[in-house]
Amino acid sequence: MLGIYEKRQFSDGEKVWLGRYKNLVNVLHWHFEAEIIRIVKGSAKIKIGNSVFEAKKGDCFFCTGEELHYIIGKKDSEIDIAIFDEKLYPETIGNLSLFSPKLPSCIPVKDYFSSIKKELNEKGPFYREAVNNKMENLIIDIFRKCEFDKNERKTSFHKALITKINNEYSFITFEDAVSYSGYSASHFSKIFKAFTGMTFSEYLNVIKIENAIILLRENLTMTSISQKCGFSTIRNFNRVFKKITGYPPLSLPFDFTIDTGLRISDAEFFDPTDEASILM
């Protein structure tokens, strides 16, 4: 299963989005913003990082930015989702990580959400500042009442790394990416697969083929395209192209698109939510 990048679209300069879904189902995805999930009614299967939960009414979860996750709500379930800019983290909390994404019942997430939703709906004077303040207080409450890792949350899978791979796809190597991340090769491979749902080689090939499709429409020769995209031989280019798209290069439908790469700098809006989900 591939982890797809969701670019969050906030409105009116806001840094917090809060909504309630009925029958919420979304695919494995990630985004730079943090997310808090609350089961209002019914139950749901929730995956955050390497943890999977069978959640019931009243359960709440905290998902940090860049963490892979999905939600599969059962029929007639209702789920509150708050997505917010990680810049709202208090400076003293910074990049600390919770030991478990599941929050204890002593944190009044319901009350915080109700207060934030009221501000977002009424849009009174200085409502953005009020919303940011309430979310910051919720974050403080969470870290005061939960166990956390005192070592800073470290990840090389942020905008700079993904942008580097996307821009240097024709010549970047596994060794280059490992060196840039600062991890050992084995640890890099493990967390890259957990983050993207792909090995480095698989991800790099997706990016290469995305760019090859663009070049195909410029009527360049196959040799030129394969070289520009970093393939050593036409044979290898053709093999990878068909494996990823299902078509030989010259048989590719004109309107064919790939949506498995992690687009960052030029990402268009992506909503991981199933069409059957209802935003209430």
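Calculation rules
Throughout this description, residue numbers start from 1 for each chain and increase along the sequence as written. Totals for whole chains, interfaces and linings use all residues, but because this is a predicted model, local features are given only for residues with pLDDT of at least 70 and pairs of side-chain atoms are given and counted only at 80 or more. Note that the side-chain values use all heavy atoms of the structure and ignore hydrogens as well as water. Only protein chains enter the accessibility calculation, which uses a 1.4 Å probe; a residue is then buried when its area is under 20% of its type maximum, exposed when over 50%, and partly exposed in between. By definition, any uninterrupted DSSP run of H or I lasting at least four residues is a helix, any uninterrupted run of E lasting at least two residues is a strand, and each is numbered from the N terminus. Here, a strand pair is defined by DSSP locating no fewer than two bridges between the strands. Here, the term nonpolar core denotes a set of buried Ala, Val, Leu, Ile, Met, Phe, Trp, Tyr and Cys residues that are joined through side-chain atoms within 4.5 Å. In this analysis, two residues are considered to be in contact whenever any of their non-hydrogen atoms come within 4.5 Å of each other. Note: pLDDT gives the predictor's confidence per residue, expressed from 0 to 100. Only a pair of cysteine sulfur atoms within 2.5 Å qualifies as a disulfide here. Just to be clear on terms, a salt bridge is a Lys or Arg side-chain nitrogen sitting within 4 Å of an Asp or Glu carboxyl oxygen.

### Overview of unusual backbone geometry
Here the phi dihedral of N23 falls at roughly 55°; this positive angle occurs in a residue that is not glycine. Among the residues examined, N23 registers a relative accessible area of 21% and is labelled partly exposed. Within the chain, D76 stands out as a residue other than glycine whose phi angle is a positive 70°. For D76, the location among the structural elements is in the loop between β8 (69-73) and β9 (78-84).

### A look at the pairing of β8
β8 sits mainly inside the fold: 4 of its 5 residues count as buried. The sheet contact formed by strand β5 (residues 43-48) and β8 spans 5 bridges and is antiparallel. Bridge pairing links I48 to H69 in β8.

### Focus on the nonpolar core
In summary, soluble globular proteins display a tendency toward joint burial of nonpolar side chains. Judged by nonpolar contacts, the single largest core of 29 residues is most densely connected at I165, F200, I225, F237 and F241. Elements that contribute at least two residues to this core include exactly α3 (159-167), α4 (174-181), α5 (185-196), α6 (200-216), α7 (222-228) and α8 (234-245). The leading source of residues in this core is α6, at 10 residues. Leave out the neighbours within four places in its chain, and F237 touches I209, A212, M222, I225, S226, F231 and P249.

### As for the confidence of the model for the protein chain
Chain-level statistics for the protein chain give a pLDDT mean of 85 and a share of 86% at 70 or above. Taken as a whole, residues 263-269 scores under 50 in pLDDT and shows 16 contacts with residues more than four places along the chain or in a different chain.

### Details of the state of the cysteines
Inspection of every chain in the model, using the stated rule, returns 0 disulfides. Of all cysteine sulfurs, the one in C146 lies closest to C106, which takes part in no disulfide; the gap is 6.9 Å. When its relative accessible area of 47% is taken as the criterion, C106 is described as partly exposed.

### Some details on the environment of K102
Take K102: it is sitting in strand β11 (residues 102-103). Overall, the relative accessible area of 34% leaves K102 in the partly exposed class. Residues K102 and F61, 41 residues apart in the sequence, show an inter-C-alpha distance of 4.4 Å. Here K102 is in contact with F53, D59, C60 and F61, once residues within four sequence places are set aside.

### Thoughts on the pattern of salt bridges
Throughout the structure, instances matching the rule amount to 9 salt bridges. When the shortest N-O distance is used, the salt bridge between K123 and E14 registers 2.7 Å. Taken together, the residues span a long stretch of sequence, with K123 in the loop between α1 (109-122) and α2 (127-145) and E14 in the loop between β1 (4-5) and β2 (16-22) at a distance of 109 residues. Take E14: its relative accessible area is 11%, and that puts it in the buried class. Its salt-bridge partner being K56, residue D59 comes within 3.8 Å of it at the nearest N-O pair. For D59, a relative accessible area of 10% corresponds to the buried category. Look at the salt bridges and you will find they share partners, linking R20, R38 and D80 into a network.

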